[in-house]
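Tertiary structure, described
Each chain, written out:
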Amino acid sequence: MSIKYKILLPLLFMVSFAITTISYLYVYYVEDYIKKSSLEQLKSIGSITEDKVDLYIQQMHDKLELFNTRMYLYNKLSEYDKSKDPKIKKIIEKILEFSYLKEKDIINIVILDADSKIIASKLKKIDSTNRFIRSIAKEKKTVQHTKLIYPTDKIMPRLYISSPILKEKKLIGTSIFVIKLAYLNKLLTSDIKIGKTGEIFMGSKNGDKLILFTPLKFSHYPIYCTNRDFNNYISNQISSANEKQHLVQKALDYRKVPVVLSLHYNKTLQAVIVVKKDIQELMAP
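Values in this document were obtained by computation on a predicted structure and should not be read as measured data.

Some points on the overall build of the protein chain
Scanning the protein chain from terminus to terminus reveals 7 helices and 11 strands. Per-residue burial for the protein chain yields a buried fraction of 44% across its 285 residues.

Written out as structure tokens, the structure is:
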């Protein structure tokens, strides 16, 4: 072998090794960058969705407060608090008949007296055994309450919000809105592009069962979540309520497909907002 080749071969090897190393480092850097960017996107979408849910709940509370300021209702409720007159009760029932006729999400309005007993219910479908009304009776009555309540015969919850009605700092009644979640469900997915396998939905506990109650891409909803690992991730997020956000980089979702999860706890609803995407698609760019 000539001296020329003896010099060139090591040089070519070094050049080849350098190119291979640089290529490997470049690919590794690109993959790492894609992963970090994709994870940040999931977390960002989750934070935006959190804000949307909080804003929706606040808007509903504002409507309830506006409802409570109706002077005619306020006066009649004040009279009923003193007299318990059945005639006044009938008038309050009439007031409810014409309240929020065009508001499709508000499916019922209930008025309670100072002892948390029902004076009137717009649809007359709620009685004193209702879980939300019983919880108000046990808890502080002069504050707002917000809860997801699962009817015993259904796995689609209703949102209940209540607000006290006070006269000179004395409780004279409580108004309750019963809200179906159709519009809230639309909020979770509207105007957000999250890919073919990406999903945003909410889940909460009903007893010992985790229920996913917003639209799902790959299943009918609402559903009982039977995947133990996925169930545990969300249940743990509910139990550690002080931690609003949690990222899980490898999990099996309700389809038992490997996904990345961005979990966001909503303290008001005691529910978790889930933003997820298949790992395979997450790394595709």
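Thoughts on the nonpolar core
Counting residues in hydrophobic clusters, the biggest one holds 47 residues, and the most contacted among them are Phe 67, Ile 92, Phe 177 and Leu 269. Considering every element that reaches this core, the biggest residue donor is helix 1 (residues 3-68), with 9 residues. Leu 212, Ile 223, Ile 234 and Ile 238 belong to the second-largest nonpolar core, a separate cluster that totals 18 residues.

Some remarks on the packing of aromatic side chains
Under the counting rule described, the total for this entry stands at 7 aromatic pairs. Ring plane angle 45° and centroid distance 5.2 Å describe the contact between Phe 132 and Tyr 160, whose orientation is recorded as tilted. Highlighted residues: Phe 132 in helix 4 (residues 131-138) and Tyr 160 in strand 4 (residues 158-167), separated in sequence by 28 residues. Like Phe 132, the residue Tyr 160 is buried in the burial classification. Judged by centre distance (6.2 Å) and plane angle (75°), the rings of Phe 201 and Tyr 254 are edge-to-face. Pair noted here: Phe 201 is in strand 6 (residues 199-206) and Tyr 254 is in the loop between strand 9 (245-252) and strand 10 (258-266), with a separation of 53 residues, a long-range link. As far as burial versus exposure is concerned, Phe 201 and Tyr 254 are alike and both buried. Aromatic rings pair up to connect Phe 67, Tyr 100 and Phe 177 into one cluster. The residue whose ring lies beneath Lys 209 is Tyr 224, and the NZ or CZ to ring-centre distance is 4.5 Å. Above the face of the Phe 218 ring, Arg 255 is positioned so that its terminal group lies 4.3 Å from the ring centre.

So, how was this worked out
Residues numbered from 1 in each chain as written. Predicted model: local features only at pLDDT ≥ 70, side-chain atom pairs only at ≥ 80, totals over all residues. Heavy atoms only, no water. Helix = DSSP H or I, 4+ residues; strand = E, 2+ residues; numbered from the N terminus. Buried < 20%, exposed > 50% of the residue type's maximum accessible area, 1.4 Å probe, protein only. Core = buried A, V, L, I, M, F, W, Y, C linked by side-chain atoms within 4.5 Å. Phe/Tyr/Trp six-rings, centres within 6.5 Å; stacked < 30°, edge-to-face > 60°. Lys NZ or Arg CZ within 6 Å of the ring centre and 35° of its normal.

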